[in-house]
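Residue-level structure breakdown
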Amino acid sequence: MKRIIAGNWKMNLGPNQARVFLSELTKQDLSKKAEWVVFPPFVSLAETQKALTGTSISWGAQNAYPAEKGAFTGEVAVPMLIDLGCRYLLIGHSERRQFFGETNDSCALKVQTAQAFGLIPMLCVGETLAQRDSNATQEVVTEQLEKGLSEAHKDKPLTIAYEPVWAIGTGKVATPEQAQSVHLAIRKVLERLLGPAKAKETAILYGGSVKADNAAELAKQADINGFLVGGASLEPKSFAQIGSVPL
Ligand code: 13P
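So, here's what we can say about the structure. Keep in mind it's a predicted model, so treat the numbers as computed, not measured. Per chain, residue numbering runs from 1 following the sequence as it is written. Residues qualify for local features only when their pLDDT is at least 70, as the model is predicted, and side-chain atom pairs are given and counted only at 80 or more; totals for whole chains, interfaces and linings, by contrast, use all residues. Side-chain measures were taken over the full set of non-hydrogen atoms in the model, leaving aside hydrogen atoms and water.

For the rest of this paragraph, the subject is the packing of aromatic side chains. Only the six-membered ring of Trp is used, alongside the rings of Phe and Tyr, when aromatic pairs are assigned; centres must lie within 6.5 Å, and planes under 30 degrees apart are stacked while those over 60 apart are edge-to-face, with the rest tilted. Counting across every chain of the model gives 6 aromatic pairs. Ring geometry for Trp36 against Phe239: centres 5.2 Å apart, planes inclined by 90 degrees, an arrangement best described as edge-to-face. Taken as a pair, Trp36 in strand 2 (residues 34–39) and Phe239 in helix 11 (residues 236–242) lie far apart in primary sequence, 203 residues in all. Residues Trp36 and Phe239 agree in their burial class; the two are buried. Measuring from centroid to centroid gives 6.3 Å for Phe99 and Phe100, while their planes differ by 80 degrees, and the two rings are edge-to-face. An identical accessibility class is assigned to Phe99 and Phe100; each is exposed. In this text, helices come from DSSP runs of H or I with a minimum length of four residues, and strands from runs of E with a minimum of two, each type numbered from the N-terminal end. Exposure classes here rest on a 1.4 Å probe applied to the protein chains alone. A residue is buried below 20% of its type maximum, exposed above 50%, and partly exposed in between.

Okay, structure coming up:
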């Protein structure tokens, strides 16, 4: 499958900065072996659509409300994101789980809504340090998948991002062995939930302190199908370099 290299901008790069960033990014020599994706904040999606339409780079949103439209002040609906050319939707990022009350049940509704309107969900899962230390990684990730994918449509595209919470923004990257063992466990859960064919074709991205200098070893692992990059995606050159490793 084609690898995905995705940049989660989090709450960075407003419209003016996004325009400058994307004009630099489109000048980089981006590996054609990967699909490149950016996840700007909502307010920068219109600029992103302007800058990236006609290029090979895709974009998506960091969140959405799981309803078509209506009286939900302050929220953004999936059809609005489609209007802005989005292809992907990040769901259940650990920062949303930690700071904004995102639960496995709300993730399930978002996966269902995204797929219903034609966005590709990128469901984020991952354990905290305390959970890893108490050997609960597999159990936590399995529950996140079972519940988060309870309404998933197995004939529609879907992607998963494994992001151990302790590796996000800390500079502590999972070792290739640690990451591969969870990715394989995720693949097995997907087999059980959605069938072997779907499990095989579903990209499982690794996220958490990914940089050009640790991406190569991670990319060699059989079940790592790409990266979800935070900090290093905010600089066009360092983001592009992540895709220059042998894929
Ligand atoms: P960092 O790459 O900054 O650790 O962030 C990872 C992440 O949360 C991507 O969604």
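Continuing now.
Our next topic: helix 7 (residues 137–148). The end-to-end C-alpha distance of helix 7, which contains 12 residues, comes to 16 Å, matching closely the 16 Å that a straight helix rising 1.5 Å per residue would cover. Turning to helix 7, its buried residues are Thr137, Val140, Val141, Thr142, Gln144, Leu145 and Gly148. By this rule, a helix spans an expected 1.5 Å times one less than how many residues it contains.

Let's shift gears to the site of the ligand. Near the ligand, the surroundings consist of Asn8, Lys10, His93, Glu163, Ala167, Ile168, Gly169, Gly208, Ser209, Leu228, Gly230 and Gly231. For the purposes of these results, a polar contact is taken to be a pair of N or O atoms within 3.5 Å, where, inside protein, one atom must be able to donate a hydrogen and its partner to accept one; residues adjacent in sequence count only when each atom of the pair is a side-chain atom. One nitrogen or oxygen atom from the main chain of Gly230 is found 2.9 Å from an oxygen atom belonging to the ligand. Computed with the Shrake-Rupley method and a 1.4 Å probe, the accessible areas treat only the protein chains shown as cover for residues. Alone, the ligand offers 310 Å² of accessible surface; in the complex the protein occludes 94% of this. Consider each residue's heavy atoms; a residue with any of them within 4 Å of a molecule or strand counts as near.

The values reported here are purely geometric and, on their own, carry no functional implication.
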